[in-house]
Amino acid sequence: MAKKLLIVESPAKAKTIEKYLGGDFIVKSSFGHIRDLEKGNDLGVDVNNGYTPNYVVPSDKYKTVKELKENAAKVEEVWLATDEDREGEAISWHLCQVLGLDERTTKRIVFHEITKPAIQKAVQNPRLLDLNVVNAQQARRVLDRLVGWELSGLLWKKVKGQLSAGRVQSVAVKLIVEREREIQTFNTEPFFRVVANFLTKNAQEKIVSFKAESPQRIENEQNAQSFLQKCIGATYKVSNVEVKPLRRKPAPPFTTSTLQQEASRKLGYAVSRTMKIAQRLYESGHITYMRTDSVNMSETAIQAVGDEIVKQYGAKYHQMRRYKTKNESAQEAHEAIRPTYFENQQVSQDRDEQRLYELIWKRTMACQMADAELEKTVVDISISTNTSAKLVAEGEVIKFDGFLKVYLESSDDDDEDEQGMLPPLAVGQTLNLSDMTATERYTRPPARYSEAGLVKKMEELGIGRPSTYAPTISKIMEDNRGYVTKESREGVERNFRVLVLKNNEIKATTSKEVTGTTKNVLYPSDMGMIVTDFLGDHFQKVMDYGFTAGIEARFDDIAEGKIDWSNMIDSFYKPFHEDVEKTLADADRVSGERILGLDPETGRTVLVRISKLGKPVIQIGTGVELEENEKPRYANLKVGKNLETVSLLEALESFALPRVLGEYKDLEMIVSAGRFGPYIKYGESTFVNLPKTDDPYEISYERGLELLQAKLEADKPAGEYQNIPYTLGKGRFGPFIKWGDLFINIPVRYSPDNITQAQAIELIEAKIEKEGNRYIHLWESEKISVENGRWGPYIRFGKNNIKLPKIDGANMTADYARGLTLEDVKKIIEVEMPGVFDKKEKKPAAKKAAPAKKAAAAKK
């Protein structure tokens with residue numbers, strides 16, 4: 001029987017490690033964290049008692065903890081082998097707390113790779129928990145909870161419910177917002193680029209063509225025409241030839257950041273996808289630990305990769321290199337990401353895993369290979385009729401490929417022209433001009449961030465750490481927050497001029513090109529922009545890049561034992577909390593409202609703003625302009641437009657809906673727009689939501705009919721229960737059953753395509769029973785209820801969820817809540833939403849005279 005229990009984080013890792021240890025050990029997994037700060041209605045941190053965190057074991061970890069305790073009771077000793085970063089150190093500490101282990105004596109092992117030698121070496125050299133590192137992670141978790149809790153609560157009251165903010169995520173959104181505004185305000189200017197094609201003989205006496213370009217941009221078409229005019233009848237001679245050797249060095253081995261960037265450029269992987277695949281490769285023992293900001297490699301690894309290079313390519317391709325991390329705060333791990341065994345080039349049948357592994361293998365091999373040796377030739381060409389100008393031809397030839405034999409690092413700038421080889425050219429040599437072209441080009445704004453580009457920028461600014469990049473990007477792109485979307489958008493067509501000089505004649509033509517096309521880049525939403533501005537106005541320090549990076553440096557100081565973590569939190573939290581209270585009291589509610597002008601038909605105000613649902617809308621008509629009981633007209637923004645840039649004309653075009661597509665079986669198909677986006681209405685009861693790929697202003701009858709028929713087919717009853725038909729469908733949260741007014745999610749244990757009537761009825765009955773236990777109180781006419789929730793009872797008022805006050809310092813129980821009257825509940829709502837029950841007086845209709853005059857003027 002095993003004498004020792006070794007606890008790791010993941011079950012996959014447990015299986016791999018157990019193979020390498022003898023019978024003395026049993027290996028079990030904690031499945032990640034087993035404790036976290038209390039959620040729900042509690043802050044989870046006692047700010048009045050040294051910021052003591054209130055950790056709880058989540059309900060989904062009860063079984064795991066129970067099993068770990070049972071296994072711990074059967075052995076003589078418990079060892080911990082969680083991941084080697086701060087997160088892993090904190091998990092080990094939590095295991096000590098929950099399992100009753102002594103944190104000062106419990107043995108902890110770390111390893112950078114899951115191989116037999118590494119595991120056995122780690123077991124022979126155990127260490128104790130590093131409580132400074134634990135405190136650094138604890139400080140991060142507590143600070144992020146404090147900032148997130150207070151800012152999110154503030155946004156709920158001042159912008160919209162269900163929004164969130166965070167110390168790192170809000171700064172990441174700010175980067176994307178600022179880049180978008182750079183692009184919006186960028187002034188695109190045209191210029192002309194001159195390229196000449198010359199003919200000459202190569203070394204084999206064959207006529208070949210090569211290009212030479214004017215090093216100067218030409219401002220406008222008139223100057224470009226003048227430049228070509230001067231070249232008519234000119235003689236072109238080689239005035240200078242410069243040949244210089246070049247050496248290219250390989251990039252260092254991968255860190256978390258550079259792996260995410262290269263996997264995005266070369267493989268098209270999202271950041272989260274890259275990390276999931278890398279996690280599997282690490283747990284299978286194929287690569288070293290994948291969350292690191294170090295480029296260091298062990299001496300054993302350097303020797304092993306050198307042997308493999310010599311074996312595969314020869315000694316001349318090998319050049320030993322020792323890389324040092326430039327970032328002084330590199331604390332997450334001690335080695336770069338590399339293969340564990342370099343002789344293994346095929347490690348997985350899974351395509352994603354194999355492609356990522358090959359990328360890591362090639363990068364690591366290349367970093368220990370010789371420089372690439374190149375020869376660059378720069379040739380100046382004079383123009384006899386224009387002595388103040390010249391043309392320049394450049395060529396490159398590889399003399400020794402070195403590391404390029406295996407790997408070349410990609411760049412975010414994919415527009416650099418590849419330089420080919422030039423034919424032999426000598427000073428004084430006369431060249432024959434084939435043609436010369438002056439092409440109109442345009443200056444371009446900075447590119448939008450891709451996921452990998454955002455990671456690179458965050459790393460440059462010192463925002464976040466390797467373990468936080470992927471979660472941060474995933475968080476800001478969540479649908480319920482709606483701050484950032486990853487999209488590919490089509491560009492717009494534009495004209496450009498082309499002037500061609502050939503046979504001493506100049507011809508001018510106009511061509512077309514598509515500009516502004518994007519693929520998988522990050523766009524801020526209107527909500528993302530509004531929240532960023534609101535936080536920037538009221539919390540300049542929190543939104544400052546340098547301050548955010550400085551907080552990361554303070555965490556590093558805590559990890560090194562230089563400062564006390566609670567003091568560091570205190571120095572930040574007290575002034576921050578004061579700012580929150582001040583903003584709560586003084587700041588107005590924001591909606592991003594912008595008045596565009598007047599509607600020429602009615603003379604009423606046209607404006608854009610964020611609706612109560614958090615969606616950008618266009619509105620015609622405001623309070624005093626409307627008749628009694630008349631409502632404003634609303635329309636959705638067209639795809640690709642936002643509140644900051646939409647014009648009055650573009651806004652008015654959005655009111656082209658509803659429009660009739662045609663008829664189907666004697667009923668009209670009408671395209672319209674609603675609170676949840678564009679849709680097709682068919683008859684009186686059938687509504688078909690349009691996919692994002694379909695433009696409601698341009699959708700054809702045939703496409704509309706296709707969507708309608710698919711909807712009608714999907715809505716056919718699948719069966720009956722209590723004489724009421726039920727249907728099956730698929731929504732944003734997965735497959736469901738609709739029975740009457742009830743929507744029932746179909747669990748993964750059932751196949752939605754093959755669900756039987758008995759199974760459907762079982763799910764319907766379970767939902768009915770659950771709904772019966774849902775309400776403690778229900779006042780339908782008031783749109784108020786007190787309901788049982790995951791973390792206890794709460795109030796639902798309309799679409800707002802409101803927490804119940806504590807009783808004697810403890811959460812209110814369901815039994816206590818049953819004694820609440822409607823008046824009691826209204827008082828609680830009034831505290832959270834002041835004035836919500838005040839009767840609103842209707843504005844007098846007489847004030848709408850002025851807009852009527854404007855309407856008359858507009859028509860005139």
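Below: a short report on this structure. (Residues numbered from 1 in each chain as written. Predicted model: local features only at pLDDT ≥ 70, side-chain atom pairs only at ≥ 80, totals over all residues. Heavy atoms only, no water.)

### Some points on the nonpolar core
Formally: Here, nonpolar core means buried Ala, Val, Leu, Ile, Met, Phe, Trp, Tyr and Cys residues that are tied together by side-chain atoms lying within 4.5 Å of each other. A simple rule labels every residue: compare its accessible area, found with a 1.4 Å probe on the protein chains alone, to the largest value its type can have, and call it buried under 20%, exposed over 50%, or partly exposed in between. Runs of H or I in DSSP of at least four residues are treated as helices and runs of E of at least two as strands, each being numbered from the N terminus. We call two residues in contact whenever any of their non-hydrogen atoms come within 4.5 Å of each other.
Ranked by internal contacts, the top residues of the largest apolar core, which has 144 residues, are Leu356 and Ile569. For this core, the leading source of residues is helix 5 (residues 131-158), giving 11 residues. Setting aside anything within four residues of it in sequence, one finds Leu356 in contact with Leu259, Ala263, Leu267, Tyr269, Thr274, Ile277, Ala278 and Leu281. Within the second largest apolar cluster, 27 residues are counted, among which are Phe192, Ile383, Leu391 and Leu501.

### Remarks on empty space enclosed by the protein
How we decide: In the cavity and pocket records, a cavity denotes points on a 1 Å grid over the protein atoms alone where a 1.4 Å probe fits but cannot get out, a pocket denotes an open set with protein on both sides within 12 Å along at least 5 of 7 lines, and lining residues are residues with an atom within 4 Å of a point. Grid points are joined across faces, edges and corners, and a volume is the space filled by probe spheres set on the points. Each residue gets one label: Ala, Val, Leu, Ile, Met, Phe, Trp, Tyr, Cys and Pro are nonpolar, Asp, Glu, Lys and Arg are charged, and the others, such as Gly, are polar.
Evaluated as defined, the whole model comprises one cavity of 30 Å³ or more. Approximately 40 Å³ is the volume attributed to the largest cavity. Taken together, Ser170, Val173, Tyr483, Gly528, Val531, Thr532, Leu535 and Met543 make up the lining of the largest cavity. Sorting elements by how many residues they give to the lining of the largest cavity places helix 14 (residues 526-538) first, with four residues. Tallied by class, residues from the lining of the largest cavity come to five nonpolar, three polar and no charged.

### Structural notes on the sheet that holds strand 31 (residues 775-779)
Our working definition: Strands are labelled as partners when DSSP assigns at least two bridges between them. Comment: axis = line fitted to C-alpha atoms, over the contacting stretch for helices; angle = value between 0 and 180 degrees taken between N-to-C directions.
Ordered by their spatial adjacency, four strands build an open sheet running 31-32-33-34, and the pairing between neighbours is antiparallel. Sheet topology places strand 31 and strand 34 (800-803) at the edges, where each strand pairs with a single neighbour. If you compare each strand with its neighbour and ignore which way they point, the axes differ by 20° on average. As defined by bridge partners, strand 33 (residues 794-797) adjoins strand 34 across four bridges and the pair is classed as antiparallel. Looking across to strand 34, one finds that Tyr794 is bridged to Lys803.

### Comments concerning the pattern of salt bridges
Basically, it comes down to this: Think of a salt bridge as a Lys or Arg side-chain nitrogen and an Asp or Glu carboxyl oxygen that are within 4 Å of each other.
According to the stated counting rule, one finds 58 salt bridges in the structure shown. For the salt bridge of Glu396 with Arg248, the shortest nitrogen-to-oxygen distance reads 3.6 Å. With a gap of 148 residues between them, Glu396 in strand 13 (residues 390-400) and Arg248 in strand 11 (residues 236-248) connect regions that are remote in the sequence. Overall, Glu396 belongs to the buried group, its relative accessible area being 19%. With a closest N to O distance of 2.9 Å, Asp694 and Arg703 form a salt bridge. Classification of Asp694 as buried rests on a relative accessible area of 14%. When its relative accessible area of 24% is taken as the criterion, Arg703 is described as partly exposed. Several salt bridges share partner residues, and in doing so they unite Arg247, Lys249, Arg321, Asp371 and Glu373 into one network.

Keep in mind these numbers describe shape, not what the thing actually does.
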